[in-house]
Amino acid sequence: MGNSYAGQLKSTRFEEVLHNSIEASLRSNTLVPRPIFSQLYLEAEQQLSSLEGGSRVDNEEEEEEGEGGLEPSSPPNAYQLPPPPEGCCTTDGFCQAGKDLRLVSISNEPIEVPAGFLLVGAKSPSLPDHLLVCAVDKRFLPDDNGHNALLGFSGNCVGCGKKGFCYFTEFSNHINLKLTTQPKKQKHLKYYLVRNAQGALTKGPLICWKGSEFRSRQNSNTNSASLFPLLESSGSLAAFPGEPAPGMNSGVPVGAQLAGTASDHPSVTTATSPAVFNGKDSPKHPQLAKSSLSVLPRPSALGILPNSGPPKKRHKGWSPESKSTTDGGFPQGAGNRAKHEGTSMPCVPQPGLVGPASATFPLVASGEPVSVPDNLLKICKAKPVIFKGHGNFPYLCGNLNDVVISPLLYTCYQNSQSLSRAYEQHGASTMQPISEETQLLLTVYYLVQLAADQVPLMEDLEQIFLRSWRESHLTEIRQYQQAPPQPFPPATSATAPVTSAQLPWLAGLAASSCNDSVHVIECAYSLAEGLSEMFRLLIEGKLSKTNYVVIICACRNSTIDSCIAVTGKYQARILSESLLSPAEYQREVHYELVTGKVDSLGAFFSSLCPEGDIDILLDKFHQENQGHVSSSLTASSAKKTAVLDASGAPVCTNSSTQNLDLGSFEKVDFLICIPPSEVTYQQTVCHVWHSGVLQELGLEKEPVTKQRAEQHVLKLDTEAQARFKAFLQNSFQNPHTLFVLIHDHAHWDLVSAVPNIYSQSDPSVGLVDRLLNCREVKEAPNIVTLHVTSFPYALQTQHTLISPYNEIHWPIAYSNGVDLYHESKKYFGLSEFIDSTLSGHSLPLLRYDSSFEAMVTALGKRFPRLHSAVIRTFVLVQHYAAAMMAVSGIPQMKNHTSVETLEITQNLLNSPKQCPCGHGLMVLLRVPCSPLAAVAYERLAHVRARLALEEHFEIILSHPSSGITVGNHFVKQLKMWQKIEDAEWRPQTYLELEGLPCILIFSGMDPHGESLPRSLRYCDLRLINSSCLARTSLEQELGLAAYFVSNDVPLEKGAKNEALESDGEKLSSTDEDEEAGTEGCFEAGSTSEKRGPVKRERSHSHDSASSSLSSKASGSVLYGESLAQPSGPPQGELSRSPPPCGPAEEGRAPGEIQRLRVSQGPTVISRHSPGPAPQPDSSLRTSRRNLQMPAAPSSQLSSSSSSSSGSSSTCTVPTANVLVLQASQCSMAKACRQPPIVFLPKLVYDMLMSTDSSGLPKSTSLLPSPSVMWTSSFRPLLSKMMTSTEQSLYYRQWTVPRPSHMDYGNRAEGRVDGFHPRRLLLSGPPQIGKTGAYLQFLSILSRMLIRLTEVDVYDEEEINTSLQEESDWRYLQLTDPWPDLELFQKMPFDYTIHDPKYEDASLICSHHQSIKIEDRGTSRKPEDLYVRRQTARMRLSKYAAYNTYHHCEQCHQYMGIHPHYQLYESTLHAFAFSYSMLGEEIQLHFIIPKSKEHHFVFSQPGGQLESMRLPLVTDKSHEHIKSPTFTPTTGRHEHGLFNLYHAMDGANHLHVLVVKEYEMAIYKKYWPNHIMLVLPSIFNSAGVGAAHFLIKELCYHNLELERNRQEELGVKPQDIWPFIVISDDSCVMWNASDVECTGERSREFSWSERNVSLKHIMQHIEASPDITHYALIGMRKWSSKTRGHELQEPFSRCHVHDFIILNVDLTQNVQYNQNRFTCDDIDFNLRVHSAGLLLCRFNRFSVMKKQIAVGGHRSFHITSKVSDSSVAIVPSQYICAPDSKHTFLAAPAQLLLEKFLQYHSHRFFPLSLKNHGHPVLSVDCYLNLGPQISVCYVSSRPHSLNISCSDMTFSGLLLYLCDSFVGASFLKQFHFLKGATLCVICQDRNSLRQTVARLELEDEWQFRLRDEFQTANAKEDRPLFFLTGRHI
């Protein structure tokens, strides 16, 4: 009753529809009953068409309940509720009897539920947040598939207990649903209700009504298959596994991550209970489920997918449909197999892309549960792993311990159905995803081609699906790649899809060719029958040859159900073990050891030995040989030479310091955080201690003790928190220290510290996150975090904090010809190991042990309940024990070991016998599981003891948390080898075990960055956990073997092999991709001469000497001054290694620690030592090359020396014979030239050896780390050509962190600013030298800071001091702070130029000077002018002016960086004034930021600019600078020193930048908060004279405006402040000299100089009495060479430059020359003085000028106008004869004139050359005629002050653009030498002739036609014309 299936004739039985229709008409409350068949045809056509279009038709879930919207099938008129009975309750949430039905109210009350009834939750539109509890007969509810619900209704009210409601309408009235539409049970009965662990009633799964099921399953053969239904409609859904079987402690999730929000369907809410048990048998041991929460690429519905089936009591078993990864329960003892975040578990796809599916998911199985047979494991010898595939999966019950269920395949299928965003963005949403049938068929094809020893990988399947999809949509993909996206893409390709009917047949056909390794079972009704069939076949032994069983059920509704069972013993074991997390793996192994399960294994081994138990044999051997075994370890000490490791780590500086103001820091401090490994800790401490970095950073004084070094290394264990807190406190207290927090081995422990289901009570969980990502670190402006790792992949996700620009991949792939490694070194990383296995190599370095693997496989079948790690360990230990016995004289034991293990043991025992010193080999035995490592140690130690080998080799058990324990006998040997006197010394790092024959049992789940010595010969990784496949875990195990080898001649005879080629720019299958150090850059540095003599021989042990890479450019390039700072710690405390007996060799793992081999000679430790020792000098190198012979290595021979580069200069070269003898014997000497041999598990070996389509090993396509997941299956493969940077970008695009990862919550999708500005990442291959690199980074950073706080300032003595006028007039009041006006006016003006920048300028003569002036030397070349000026490096004071690179908190607001000041908040204002001399109106533009508008007057707010405010002379403000500062600038938008905030000491001041129009935009960009004065465009090519001219004219005009404005306010005109400052853009600091008179006579005094603020100087000068009487005020230019007598007089009347204070009122009639480019200040000074005005220089103040290499006068380039002319233009070409065919130049005429006169004026004034007694008379202007010609300046203005020229005879006359003041009579008063020359310069030829006539020049001067010239300008550029003549 109440079911409305209108129009669904295709899928609904006619009888049902008829039944509905009759029922509806009977219940209709209208007077006329509705026609019975009305519903059959009501809008059926329309509904069907809409159904086919995929729209939701009858989807009750879609409607929001509270909205009361009408459905298409509801009657058109509104539904009328019958009136409720009188007196009954009508309150929402209560029944009519007044009883509360709300779930929240009665969840804990006992409710009687009759048999056959279930509790369900009904939704009321009036109570959207509540569920009403009802009891409903389950026959009227749908089954798991939405089928078989009886029509009608039967229910009871749980409130009042009323029973027997037969109509839902009646029932809905009773419970007060108050509906506006016809009541329907499908719409209002929403959820099953279930009891949780506490017995409370909670909301359970959705009730699966048929409508949604129908829609989710339509048209699977049109490629839209089962479509990830729930994600579209669900919110955060909890997991609801069904009831576990009684007595089974089944693992269930205790809490589902509530992640994400409900998307389309707010009505679907989530249950809040952590777990649900719908039954009385709750588990005793609920486990923590590591749920793989699917993270979508964009915010969408996230969460764990629920089991939405009714938890009915008939299923006595485990519900397989809990879609968390907790998919199977196991007894506690069996290892709590809650599934780990599967390493291959990809992420859930984006919903909504693949079709309109909205059904609840997963659909619970129908039919009875499948029983797992009791003795399955015993019979099969392995637990089958069942991968859920498509569709429904049945319940399993019975012996659930013996099967493993995994959702990985299901997730893989789902992932592959999501289209990639790469295609989605092209509008490709019409492309159909790959169909379910095709997926399953491709899976079968994949399984068929797997070899018997291969294990299926989800990554492989994903790539197969991707390729298949791409091929089927190739045309569309190409079209999207080529064309712009179209709204309606063409239809998909027309290939016929596989139908579900064809699928079983095609799958069977595919499987028929594989010899029964894949078996296909087809089911008729459900997967249950197929699973039952499979279990039956397994029990009967009929699947013994079958590895995979594919079960397909493809009959129902054209959809398929499928699953795949892995039954192969090898595959099933590996897959089931791969589902364990590392912690579970350890627990499992520990459990097996503790419970004695392994005893059966020991018994089995005993039975293998034909001669009886091995231990009996051992005892027998021990008794026979007792007392007869002598130690063969002879302790003879050979003469040793010390080898020094020195290398340069390339600079790893970051490019991202835009948010880090390095200028505000004074020093660097650091803390290195490392994993909790004692060996790594000691290793890092030693490296810091010996590196000298503490002294270089100024943190410690010499000598540094080890205890001081320990202060800078922090082991991240439980005690770390207190020390870290102290570090934070220190950083807080020292804001001017830059703290570098180095996180070494940064891929370790990325667990989030956020409390979630991952973090147990263990305080160490998430420690890195808790410390390094704490708020204090993130927000501290002075902490930079540098993550250092060889495996950065997990830090390169979509959520990473590290900007890609802040990644340093080291070694850098380009080193500009500087070699990173010593020329005889080659780095051996993973790619080189793999290359060694290629053809042409005699014995590969990577191997696997086939006999060991075979034994393990056989035992795995015999002991199926033991973890394979246990079996592998026991077998390997047995092999080692047997090999030791065989080598020791029990030959029959050879049969009980493998050839590989025997080789290892033989070499281990024999190596010390071959060496006179007793040096031996190290064998690394890697046992990740600590309990197993202990077992291995005990067993091997026992065997060693029984064989009396205790003194032959050591067995060391290492665990990260403990140090190294070595027996006393071996400690003595090490001390003897290393010449250590300290009685207490013990080795603390593996590097100190150099030369010790030993087996190092290396335990711990992950290596923690420990470096191994060069004597490592075998790296036995056969026991690594090969089932946990992730790129990081694999590569870090192989990183243990990474090695630097000598690239000289091979040691042992062997087949010739090809040189290894490897490209540094390519991704060489690991993160060694940019080993440019080793490769790419070596090629660049090689020379053919060096390449020649290298032998191409090859040893059988693969030392891989590569001819192309073996010799590089001279090593000395690298060891520059910065790398060779000797610092010698005391000898007794050095970390030492014994030299090999053969030639001295470099240390292994050069980057990880300094090793010093000490000899009698002086010792030098070079600071940065990640690389090997540098070469001796070239002559030695040549002689060594001549020593080479086939068997003798010409290894590096060096002893320690103290030469500057750290290379050796005092080498003793033994004879060649000695070399041969020693080298062939000492195993250590051999080890230096060949990397270790690595033994791997077969599975790992295959993964490294097989390449995918990109040409890379398959290991690179693995998930990079277990803590991340792929965003999509639709991702490209990594490419072999990728650089490290590209690889980083790949992982940043395609991976996201899991919820357990510390980066998981980092940033909302789409935020671009999610990177942390102070995070850096340094990555490089293992053992390449990253420790040395980052220690050098620290010292470089420290030097950078010092350099940033320093500046080069000009430091030049004043010139021409000897020419100073000897006058009686001096300013005698030495202590006057200000000049006395009367005294000052009496002082003469000093015409001489003293500014050193004018060293090349013409002297200005005055009559006071002696006539005999010495020659001032030759002029400089023009290009030397800048280069040769002397500078001094000065530390910036707190009062410095800064350029744009300075950012500090104080001046953010000043600079406009403050968010309050936006860049666009400035306005452009025109300001015009007329100037008669230019004959036109001048229009200037001001750009005024909003923050500076208060300095100006506007006609109204935002209106016309009227004037710039000026203060009054009488103002006395201490926080205000009265004079506006103008800075003309060009070409220095970045480097100009315009930030005067600190210079002004924060005082309020007005600063205006004067810029050219074409530079306005760039200056505004860099200085958004500065006022700009923009010059008119006609001045774009003008010089500084134009800027000075316009500044002065503008300011005078403004002064008059302000006088008029303020006069109206009652202010006198003379009270307006008339001064402005004109400052150069390179003035950096200001100084004041304090002078104290000491003696009785005032001439004796002492003085000191101090740095002061510009504010101090300006306020002092502005406070001068009578200041308005001075026209120009300036100060000295600073020089360190300033002598006391220059400061003797506090004031001088002389030229002022660079920083002048100008009185625009007094100088109203004195103009700057707007045409000038050079010397315009001298010219102006002379004009001001000749006008009778005072120039005053404050000698006690000085300005420092910074040397700026760009911009300024350097921005003027003189080039030819002919574009293709590349010939340099010399100054002599700057002028030419008029009308000649001279090349015209692209430069202003005035610039050409000035430059020509500077260098070639002797052509015009030959008599004047070096004739200082007879200067050139220059009228009204000063032009620089070069240093060898003197000039005499006179002004033609009436009443001007000129020197007396009556007694002077001039050698020349210069008339430059002379005006009407110059007349013939004026010139006639001067006397000239006979033959003196005249030069007249005019704007054009016409005015030239007029001038000659007006001045009557032809009377005294003779002119010739050929004496006319012009500047080399085209006519349009208005050249200047000259006329020269001779005095008659």
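Residues numbered from 1 in each chain as written. Predicted model: local features only at pLDDT ≥ 70, side-chain atom pairs only at ≥ 80, totals over all residues. Heavy atoms only, no water.

Draft legend 1. Expanded view of the pairing of strand β12 (residues 561–566). With six of its six residues buried, β12 lies for the most part within the structure. Here β12 shows two buried faces, one formed by D561, C563 and A565 and the other by S562, I564 and V566. Pairing of strand β7 (residues 385–388) with β12, which is carried by four bridges, proceeds in the antiparallel orientation. Looking across to β12, one finds that I386 is bridged to A565. Summarising the sheet, strand β11 (residues 548–553) and β12 pair through six bridges and their orientation is antiparallel. (Buried < 20%, exposed > 50% of the residue type's maximum accessible area, 1.4 Å probe, protein only. Helix = DSSP H or I, 4+ residues; strand = E, 2+ residues; numbered from the N terminus. Pairing = 2+ DSSP bridges.)

Draft legend 2. Inspection of the sheet that holds strand β52 (residues 1871–1882) at higher detail. Strand order across the open sheet formed by eight strands is β30-β50-β49-β51-β52-β54-β53-β47, with mixed pairing between neighbours. Each edge of the open sheet is held by one strand with a lone partner, namely β30 (1403–1404) and β47 (1775–1776). Bridge count for strand β53 (residues 1901–1911) against strand β54 (residues 1921–1927) is six bridges, and the pairing is antiparallel. If you follow F1909 over to β54, its bridge partner there is F1922.

Draft legend 3. Looking closely at unusual backbone geometry. Cis geometry is adopted by the peptide bond preceding P703, which originates at E702 and carries an omega value of -20°. With respect to the secondary-structure elements, P703 resides in the loop between α22 (693–696) and α23 (706–710). Here the bond from W810 into P811 is cis, since omega is 0°, no more than 30 degrees from zero. The backbone of D1545 sits at a positive phi, close to 55°, despite the residue not being glycine. Even without being a glycine, D1698 presents a positive backbone phi close to 70°. If you trace the backbone, D1698 turns up in the loop between β43 (1691–1692) and β44 (1699–1703).

Draft legend 4. Region of the structure containing the pairing of strand β21 (residues 954–958). Along β21, four of the five residues are buried, which leaves the element largely enclosed by surrounding structure. As a crossover connection, the stretch from β21 through helix α32 (residues 968–978) into strand β22 (residues 998–1002) is right-handed. (Right-handed = clockwise from strand over helix to strand, strands pointing away.)

Draft legend 5. Focus on the side chain of K1746. Within the secondary structure, K1746 is located in the loop between β45 (1734–1745) and β46 (1759–1760). It turns out K1746 is buried and unbridged, and the closest side chain with the opposite charge, D1352, is 8.5 Å from it. Excluding anything up to four places from it in sequence, K1746 contacts V1351, D1352, V1353, Y1354, N1443, L1537, S1626 and V1628. (Lys, Arg positive; Asp, Glu negative; His and termini not counted. Salt bridge = Lys/Arg side-chain N within 4 Å of Asp/Glu carboxyl O. Contact = heavy atoms within 4.5 Å.)

Draft legend 6. The arrangement of the environment of L1021 in detail. As for its placement among the helices and strands, L1021 is situated in the loop between β23 (1016–1020) and α33 (1031–1038). The exposure class assigned to L1021 is buried, which follows from its relative accessible area of 0%. When neighbours within four sequence positions are excluded, L1021 is seen to be in contact with R926, E1037, L1038, L1040, V1238, F1239, L1240 and P1241.

Draft legend 7. Representation of the sheet that holds β22. In space, the six strands of this open sheet follow the order β19-β25-β23-β20-β22-β21, with parallel pairing throughout. The sheet is open, and its two borders are formed by β19 (846–848) and β21, each paired with just one other strand. Averaged over all neighbouring strand pairs, the angle between strand axes comes to 20°, with direction disregarded. Where β23 meets strand β25 (residues 1237–1240), three bridges bridge the pair, whose relative direction is parallel. In the sheet register, C1019 faces β25, and the bridge partner there is V1238. (Axes fitted to C-alpha atoms, helices over the stretch in contact; angles between N-to-C directions.)

Draft legend 8. Region of interest: the pattern of salt bridges. According to the stated counting rule, one finds 56 salt bridges in the structure shown. Salt bridges linked by common partners bring D1395, K1397, D1624, K1677, D1698 and K1745 together as one network.

Draft legend 9. View of the packing of helix α28 (residues 850–862) against helix α29 (residues 868–888). Where α28 contacts α29, the two axes come as close as 10 Å, and the packing angle between them is 135°. Here α29 runs oblique to α28, going by the angle between their axes. For the element pair α28 and α29, the recorded crossing hand is right-handed. Of the residues in α29, those in contact with F852, E853, M855, V856, L859 and G860 of α28 are I871, R872, V875, L876 and H879. Looking at the contact of α28 with α29, its residues break down into seven nonpolar, two polar and two charged. (Parallel < 35°, antiparallel > 145°, perpendicular 65-115°, else oblique. Left-handed = near helix turned anticlockwise from the far one by under 90°. Nonpolar A, V, L, I, M, F, W, Y, C, P; charged D, E, K, R; others polar.)

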